[in-house]
Amino acid sequence: MADREEFLTARQLAEILQVSESTVRRLAQKRRIPCVRLSPRIIRFHLEAVREALDVPRAHSYTLPDEAQLSFDDLLSS
């Protein structure tokens, strides 16, 4: 049997990206991240395609200066 590609729900992707599920849905609606729409309400995401669209490296360690906070945009731009 051929290798199966795994698709994630909005909730699963939100957990991986450490954002809310509504943020994932909003990014998909604005076409910032690719998705597969199975019905008007059911969408799925391919993790590698989303990472590529957001240009998020697979393994990246972030070091924060003392008492500094990064926004989501800061993470995407680094």
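So, how was this worked out
Note on numbering: residues in each chain are counted from 1, in written sequence order. Note on the predicted model: pLDDT of at least 70 is required for a residue's local features to be given, and 80 or more for side-chain atom pairs to be given and counted; whole-chain, interface and lining totals, by contrast, use all residues. Side-chain metrics in this entry use all non-hydrogen atoms of the structure; hydrogen atoms and water are not considered. Put simply, a salt bridge is a Lys or Arg side-chain nitrogen that is within 4 Å of an Asp or Glu carboxyl oxygen. Elements are defined by DSSP. Helices are runs of H or I of four residues or more, strands are runs of E of two residues or more, and each kind is numbered from the N terminus. The classification of residues rests on relative accessible area computed with a 1.4 Å probe and restricted to protein chains. Under 20% of the type maximum is buried, over 50% is exposed, and intermediate values are partly exposed. For our purposes a nonpolar core is just a set of buried Ala, Val, Leu, Ile, Met, Phe, Trp, Tyr and Cys residues, chained together by side-chain atoms within 4.5 Å. Whether two residues are in contact is decided by their heavy atoms: any pair within 4.5 Å suffices. Axis definition: a line fitted to C-alpha atoms, limited for helices to the stretch in contact. Angles are taken between N-to-C directions and run from 0 to 180 degrees. When describing relative orientation, an angle under 35 degrees is termed roughly parallel and one over 145 degrees roughly antiparallel, while 65 to 115 degrees is termed roughly perpendicular and anything else oblique. Handedness of each helix crossing follows the sense of rotation of the near helix against the far helix: counterclockwise by less than a right angle gives left-handed, clockwise gives right-handed. In protein, a polar contact requires one atom able to donate a hydrogen and another able to accept it; more generally it is a pair of N or O atoms within 3.5 Å, and residues adjacent in sequence count only if both atoms are side-chain atoms.

**Quick look at the pattern of salt bridges**
- Summed over all chains, the structure comprises 3 salt bridges.
- With a closest N to O distance of 3.3 Å, Glu21 and Arg25 form a salt bridge. Separated by 4 residues within a single helix, Glu21 and Arg25 lie in helix 2 (residues 21–29), roughly one turn from each other.
- The class for Glu21 is partly exposed, based on a relative accessible area of 28%.
- Here Arg51 ties to Glu48 by a salt bridge, and the two come within 3.4 Å at their closest N and O atoms. With Arg51 and Glu48 both in helix 3 (residues 47–54), this residue pair falls 3 residues apart, about one helical turn.
- Connected via shared salt-bridge partners are Arg11, Glu21 and Arg25.

**Observations regarding the nonpolar core**
- Leu13, Leu17, Val24, Ile33, Phe45 and Val50 are the most contacted members of the largest nonpolar core, which has 15 residues in total.
- For this core, the elements supplying multiple residues, two or more each, are helix 1 (10–17), helix 2 and helix 3.
- For this core, the element with the highest residue contribution is helix 1, accounting for 4 residues.
- Not counting the four nearest positions on each side in its chain, Leu13 is found in contact with Leu8, Val24, Ile33, Phe45, Leu47 and Val50.

**What about the packing of helix 1 against helix 3?**
- Their axes nearest at 12 Å, the elements helix 1 and helix 3 cross at an angle of 50 degrees. As the angle between them shows, helix 1 and helix 3 are arranged oblique. For helix 1 against helix 3, the interelement crossing comes out right-handed. Each of Leu13, Ile16 and Leu17 in helix 1 lies in contact with helix 3, whose residues at this interface are Leu47, Val50, Arg51 and Leu54.

**Structural notes on the side chain of Thr23**
- Mapped onto the elements of the fold, Thr23 is located in helix 2.
- One polar contact links Thr23 to Arg26, side chain to side chain, over a distance of 3.2 Å.

**Quick word on unusual backbone geometry**
- Phi is positive for Gln18, which is not a glycine, with a value near 60 degrees.
- In this structure Gln18 comes out as exposed when scored by relative accessible area, which is 72%.
- The phi torsion at Arg31 lies on the positive side, around 65 degrees, for a residue other than glycine.
- With respect to the helices and strands, Arg31 occurs in the loop between helix 2 and strand 1 (36–37).

Function-wise, these values are silent; they only describe arrangement.
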